[in-house]
Amino acid sequence: MAIGILLALLGGAFVCLQNTFNANVKKRVSVWNTTALVLLLGFLASLAAGLTFEGSGLFRFQAQPWFWFSGILGVGVVACVTQGVQILGPSRAISLIMVSQIFFGLMWDTLGWFGLEKIPFTWQSLFGVLLISSGIVLFQSGPKLEPRELESTSVGVRDSVKG
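As named in an unreviewed UniProt entry, the protein is DMT family transporter, taken from Planococcus antarcticus DSM 14505.

Written out as structure tokens, the structure reads:
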């Protein structure tokens, strides 16, 4: 269980870091360029790691065919999260994403969808989601940030506009 907790925490750190990087890439190119780059590099890294650790076993798919296409969902994940982070900032966007994940995870567990073991709904689970959501609302009600200038503006251009 401790390893699972550690991996989940590490995964959360990777998600936040990746989305911060993606938002910085998106400042200079379109969301679709960013998404294609992220998923292509992810594919190449996964392929290399898979071949290294699993060899030819990497190509033995045993899941239901519709689960094979989960990577297509990655397009929506990267596009939505990248833009959300750029608009809201990492802490606000990731906190909202977290609440969404918890809510939908609870719903899918309770309903037993997508091949998950059906887990009975409890009021404690609902209270937990509402408590976390309340914390996010409190967090979101903090000071509003002014839209940031693009960092790609050079000093010379800014000086010539002033002068």
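Back to the text.
Some words on helix α1 (residues 2-26)
The first and last C-alpha atoms of α1 sit 36 Å apart over 25 residues, in line with the 36 Å expected at 1.5 Å per residue. Within the span of α1, buried status applies to N19, N22, A23 and K26. Considering only its buried residues, α1 is in contact with α2 (31-54), α3 (70-88) and α4 (90-111).

Things to note about the UniProt feature "transmembrane region" (unreviewed entry) in the protein
Feature annotation in UniProt assigns "transmembrane region" (unreviewed entry) to the following positions: residues 32-53, 65-87, 93-114 and 121-139. Within residues 32-53, the helical portion is 100% and the strand portion 0%, while the C-alpha atoms at the span's ends are 31 Å from each other. Taken as a whole, residues 93-114 contains 86% helix and 0% strand, while its terminal C-alpha atoms sit 26 Å from one another.

Points about the packing of aromatic side chains
Across all of its chains, the model carries five aromatic pairs by this definition. Seen in terms of ring centroids, F103 and F104 are 5.1 Å apart; in terms of plane orientation they differ by 80 degrees. Their pairing is edge-to-face. Consider the rings of F104 and W108, whose centres lie 5.6 Å apart with planes at 35 degrees: the pair is tilted. A residue pair is termed a helical-turn pair when its members lie 3 or 4 positions apart in one helix, as F104 and W108 do in helix α4 at four residues. For W108, a relative accessible area of 30% puts it in the partly exposed group. Ring-pair connections join several aromatic residues into one group, and the members of that group are F103, F104, W108, W113 and F114.

Rules of the game
Residues numbered from 1 in each chain as written. Predicted model: local features only at pLDDT ≥ 70, side-chain atom pairs only at ≥ 80, totals over all residues. Heavy atoms only, no water. Helix = DSSP H or I, 4+ residues; strand = E, 2+ residues; numbered from the N terminus. Expected span 1.5 Å × (residues − 1). Buried < 20%, exposed > 50% of the residue type's maximum accessible area, 1.4 Å probe, protein only. Contact = heavy atoms within 4.5 Å. UniProt positions renumbered as here; feature names shortened; annotations may be inferred. Phe/Tyr/Trp six-rings, centres within 6.5 Å; stacked < 30°, edge-to-face > 60°.

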